[in-house]
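What follows is the residue order along each chain.
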Amino acid sequence: MAINPGQRINRYEKNYSSYRLIFVIIVSSILMYQDTQDGYSKTLRTYLSVFAYPITYVANLPKNTFQGLSLRLSERASIINENKKLKEENILLKSQLQEVYKLDAENKRLYELLGSYPDRQRNFLFADIIATSPSPDKRQITINKGSIDGVNIGDAIADPYGIIGHVIRDQVFSSEILLIADLEHAIPIEITSTGERAIAYGTGDMNRLEIRSLPPNSKAKKGNAVITSGLGGRYPEGFPVGEISRVERIEGENLLAIELSPFANLEVINEIWVIQTEVSGDE
Amino acid sequence: MSRKINNLIFVWFIMLLTTMMTIMPLPEFFYGIRIEWVALAVIFFSIMNVSLMGVIAASSIGLLLDLLQGGLLGENALILSVISYLSYRFRFQIRVYPDWQIMVVTLFLLSFGNLISLWIRGFSGQVLFVTEEWFSIIIAALIWPIFMRMLQTLQNYFVEE
């Protein structure tokens, strides 16, 4: 590599880069510490992300255009086919819905008999994914609805099959979502057949969650459905999470090792909605 | 347009472009592979054209990358500034190396960056060894000669000495 002849080398020139490096290391260490402690960097991030949004948008443009194009270029026959299938599915769902009305009314009556009915208003906000985290050890996605659309930190996110995660950072025009499969994520759950409550931890693997707190005399079996328990107040109650894929009893351990496979396909997420729960007083 | 502003526009355009390339989602086939274009560009400017890129500039582009990737705020800032400092410090030695040796140096710098990242993740409580990360580093080092030639060509066109 030839040195540019126009560039003069002055070895005795005063050079502050070492001091700058020390300064940067100190500043970024403080920032990182603040970030792990939920300090003021959360607010800082919210404001700074306004500048980051256009870059995210442009960077995801090729993928989104490609998807749009392939949608537009798909053949007419397949679209008609899909339409037919969707209509059938719609009729099926509607017929199931009729039953839900009945159940809902019955449920309300029973609650009234008990004298306590939490009047919950759930708001569903439809959203699209604009970015997925490029790093395999961070299971995060970004959606196109932000605090300007009324998304708050802690709102639960679901896709047509089940819960996928919750909002951890609300930027102004978009928000970041931590998926339930992330290593740092834990979700309070209830096993439907036994009624046992536990916490399911993410493992970093998209198809596996773990429950580590059930005793060996638990009746949980493979294939049991798992729903959110609503404890802790972050996730709404009764949404499907996944089903138990493995129950193992380890000799000498006093807890069962239970694995869970989420209902939602976390690797290919398409449409999602934000579930906003408003508890309106005690009526 | 003055020389300084012209060069500034050039370098920040390249940095933004590489940032976008870094966070751009790749097809399913490349799952987990993420090439650190920004780190490569920082190494290039720190070695070849010191007047365009310093420790502070590298750390601010790292901060932007942290925002975009949703990681710890400051992680990439730290890594990129260390990489920039090291390649700046040894620029006289590195510049005279043949291409393949610069490639090895790049491999070392990127690996060191990833090591710092692993340390930081260890401190903040989650360590997951991802094989794809190290694959990405090797691929990035292999891409380096082409990347360097391209940036040099661009630099000859747009940067005024």
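Per chain, residue numbering runs from 1 following the sequence as it is written. To read the labels, note that chains go from A and ligands from 1, taken in the order they are written. Given that the model is predicted, a residue must reach a pLDDT of at least 70 before its local features are reported, and side-chain atom pairs must reach 80 or more before they are shown or counted; all residues, however, enter totals for whole chains, interfaces and linings. As a rule here, side-chain values cover all heavy atoms of the structure and leave hydrogens and water aside.

A.B. asks: How do you make sense of the overall build of chain B when you look at a structure like this?
C.D. replies: Note on conventions: DSSP H or I runs of at least 4 residues are helices, E runs of at least 2 residues are strands, and numbering of each starts at the N terminus. Secondary structure summary: chain B contains seven helices and zero strands in total. Seen in sequence order, chain B has helices and strands lined up from the N terminus as α-α-α-α-α-α-α. Compactness check: chain B gives a C-alpha radius of gyration of 15 Å against a globular reference of 15 Å for 161 residues, within 12% of the reference. Here the C-alpha coordinates of chain B stretch approximately 45 × 35 × 30 Å along the principal axes. Burial here depends on accessible area, computed with a 1.4 Å probe over protein chains only, as a share of the maximum for the residue type. Under 20% is buried, over 50% is exposed, and the range in between is partly exposed. Here chain B, with 161 residues, has 56% of them falling under the buried criterion. The contacts of chain B with a sequence gap of at least 6 include a subset with a gap of at least 24, amounting to 71%. As displayed, chain B has an accessible area near 7500 Å², and 72% of this comes from carbon and sulfur atoms. For chain B, the distance from the average position of its 8 positive side-chain charges to the average position of its 9 negative side-chain charges is 13 Å. Only C-alpha atoms enter the radius of gyration; for comparison, a globular chain is expected to reach 2.2 Å times N to the power 0.38, where N is the number of residues. Here a residue-residue contact requires only that any non-hydrogen atoms of the pair lie within 4.5 Å. In these tables, accessible area is a Shrake-Rupley quantity obtained with a 1.4 Å probe, and a residue counts as shielded only by the protein chains included in the view. This count recognises Lys and Arg as positive and Asp and Glu as negative, with His and chain-terminal groups excluded. Here the site of a charge means atom NZ of a Lys, CZ of an Arg, CG of an Asp or CD of a Glu.

A.B. asks: Got a minute to help me understand the sheet that holds strand β9 (residues 225-228) of chain A in this structure?
C.D. replies: Strands belonging to one sheet form pairs held by backbone hydrogen bonds; the direction of such a pair is parallel or antiparallel. Residues and elements named next belong to chain A. Strand order in the closed barrel made by the six strands is β6-β7-β8-β11-β10-β9, with antiparallel pairing throughout. Neighbouring strand axes in the sheet, compared pairwise and without regard to direction, differ in orientation by 40° on average. Think of it this way: DSSP has to see at least two bridges between two strands before they count as a pair. Summarising the sheet, strand β6 (residues 186-191) and β9 pair through three bridges and their orientation is antiparallel. Of the residues in β9, the one forming a bridge with Glu190 is Ile227. Lines fitted to C-alpha atoms define the axes here, with helix axes fitted over just the stretch in contact, and angles between the N-to-C directions of these axes take values from 0 to 180 degrees.

A.B. asks: Would you mind going over the packing of aromatic side chains with me for this structure?
C.D. replies: Pairs of aromatic rings are described using the distance from one ring centre to the other and the angle between the two planes. All names here are of chain B. Aromatic pairing here means that ring centres of Phe, Tyr or Trp (its six-membered ring) are within 6.5 Å. Orientation follows from the plane angle: under 30 degrees is stacked, over 60 is edge-to-face, and everything else is tilted. The tally for this structure, following the rule as stated, stands at seven aromatic pairs over all chains. An angle of 90° between the planes, with centres 6.3 Å apart, marks the rings of Phe10 and Phe45 as edge-to-face. Of this pair, Phe10 sits in helix α1 (residues 3-23) while Phe45 sits in helix α2 (residues 37-48), and the two are 35 residues apart along the sequence. Centre to centre, the rings of Phe44 and Phe45 are 5.4 Å apart; their planes meet at 80°, and the pair counts as edge-to-face. Considered together, Phe44 and Phe45 belong to a single accessibility category, that of buried residues. Ring-pair connections join several aromatic residues into one group, and the members of that group are Phe10, Phe44, Phe45, Tyr157 and Phe158.

A.B. asks: Can you walk me through α2(B) in this structure?
C.D. replies: Structurally, the α-helix is built with 3.6 residues per turn, so residues lying three or four positions apart point the same way. Residues and elements named next belong to chain B. Between the first and last C-alpha of α2 there are 16 Å, a value that for 12 residues agrees with the 16 Å anticipated at 1.5 Å per step. Of all 12 residues in α2, 12 are buried, a share of seventy percent or more. Within α2, the full set of buried residues consists of Trp37, Val38, Ala39, Leu40, Ala41, Val42, Ile43, Phe44, Phe45, Ser46, Ile47 and Met48. Residues of α2 that are buried sit in contact with α1, α3 (55-69), α4 (75-89), α5 (91-95), α6 (99-123) and α7 (131-158). A helix is expected to reach a length of 1.5 Å times the quantity of its residues less one.

A.B. asks: Sorry if this is basic, but what is going on with the nonpolar core here?
C.D. replies: Among soluble globular proteins, nonpolar side chains are generally buried collectively. Here, nonpolar core refers to any group of buried Ala, Val, Leu, Ile, Met, Phe, Trp, Tyr and Cys residues whose side-chain atoms link them within 4.5 Å. By size, the foremost hydrophobic cluster in this structure holds 54 residues, and its most contacted members are B:Met15, B:Phe45 and B:Trp144. Mapped by element, the contributors of at least two residues to this core are α1 (17-36) and α2 (41-59) of chain A together with α1, α2, α3, α4, α6 and α7 of chain B. Take this core: its biggest share by element is 11 residues, from α2(B). Here B:Trp144 is in contact with B:Leu40, B:Ile43, B:Phe44, B:Ile102, B:Met103 and B:Thr106, once residues within four sequence places are set aside. Residues A:Ile129, A:Ile180, A:Ala181 and A:Ile189 belong to the second largest nonpolar core, which totals 40 residues.

A.B. asks: Would you take a moment to explain the domain arrangement of chain A for this structure?
C.D. replies: Accessible area lost upon the coming together of the parts is a frequently used measure of interface size. Residue and element names in this part refer to chain A. Throughout the structure description, domain borders are defined by an automatic or database domain assignment. Each assigned domain of chain A is listed with its residue range as follows: domain 1 (19-61) and domain 2 (122-283). The centre of domain 1, based on its C-alpha atoms, is set 27 Å off from the matching centre of domain 2. Of the residues lining the interface, eight residues belong to domain 1; the matching set on domain 2 comes to nine residues. Defined here as a combined quantity, buried area equals the accessible surface (1.4 Å probe) lost by two parts on assembly, summed across both. Across the interface of domain 1 and domain 2, roughly 820 Å² is buried in total on both sides, 67% from carbon and sulfur atoms. The salt bridge criterion pairs a side-chain nitrogen of Lys or Arg with a carboxyl oxygen of Asp or Glu, the two atoms within 4 Å. The tally of links from domain 1 across to domain 2 stands at zero salt bridges. Identification of polar contacts relies on pairs of N or O atoms within 3.5 Å, with a donor-acceptor requirement for protein atoms, meaning one able to donate a hydrogen and the other able to accept it, and with residues adjacent in sequence counted only if both atoms are side-chain atoms. Across the contact surface, domain 1 and domain 2 share zero residue pairs in polar contact (both at pLDDT 80 or more). Side-chain classes are defined by residue name, with Ala, Val, Leu, Ile, Met, Phe, Trp, Tyr, Cys and Pro counting as nonpolar, Asp, Glu, Lys and Arg as charged, and the others, Gly among them, as polar. Looking at side-chain class alone, the side of domain 1 that touches domain 2 contains two nonpolar, four polar and two charged residues.

A.B. asks: I tried to follow the side chain of A:Ser174 on my own but got confused; where do I start?
C.D. replies: Residue and element names in this part refer to chain A. When you line up the elements, Ser174 lands in the loop between β4 (162-170) and β5 (175-179). Residue classification places Ser174 among the buried residues on the basis of a relative accessible area of 2%. Not counting chain neighbours up to four residues away, the residues in contact with Ser174 comprise Tyr53, Ile130, Thr142, Ile143, Asn144, Lys145 and Gly146.

A.B. asks: What should I look at first to understand α1(A) in this one?
C.D. replies: In this model α1(A) runs 28 Å from its N-terminal to its C-terminal C-alpha over 20 residues, within 8% of the 28 Å that 1.5 Å per residue would give. The set of residues buried in α1(A) consists of A:Ser17, A:Leu21, A:Val24, A:Ser28, A:Leu31, A:Met32, A:Gln34 and A:Asp35. Axial view of α1(A): buried residues confined to an arc of 155°, hence all on one face. Away from the buried face of α1(A) by more than 90 degrees, exposed residues A:Tyr19 and A:Tyr33 are located. The secondary structure elements touched by the buried residues of α1(A) are α2 of chain A together with α3, α4 and α6 of chain B. The arc in question is traced by the directions running from the helix axis to the C-beta atoms.

A.B. asks: Whenever I open this one, the interface of chain A and chain B confuses me. Can you help?
C.D. replies: In this assembly, 43 residues from chain A lie in contact with 49 residues from chain B. Summed over both sides, the interface of chain A with chain B buries roughly 4200 Å², with 67% coming from carbon and sulfur. Remark: the boundary between chain A and chain B carries four residue pairs in polar contact (both at pLDDT 80 or more). Looking at the side of chain A that touches chain B, the elements that each hand over two or more residues are α1, α2 and α3 (61-73) of chain A. By residue number, the principal contributor to the side of chain A that touches chain B is α1(A), which donates 12 residues. Residue composition of the side of chain A that touches chain B, grouped by class: 19 nonpolar, 13 polar and 11 charged.

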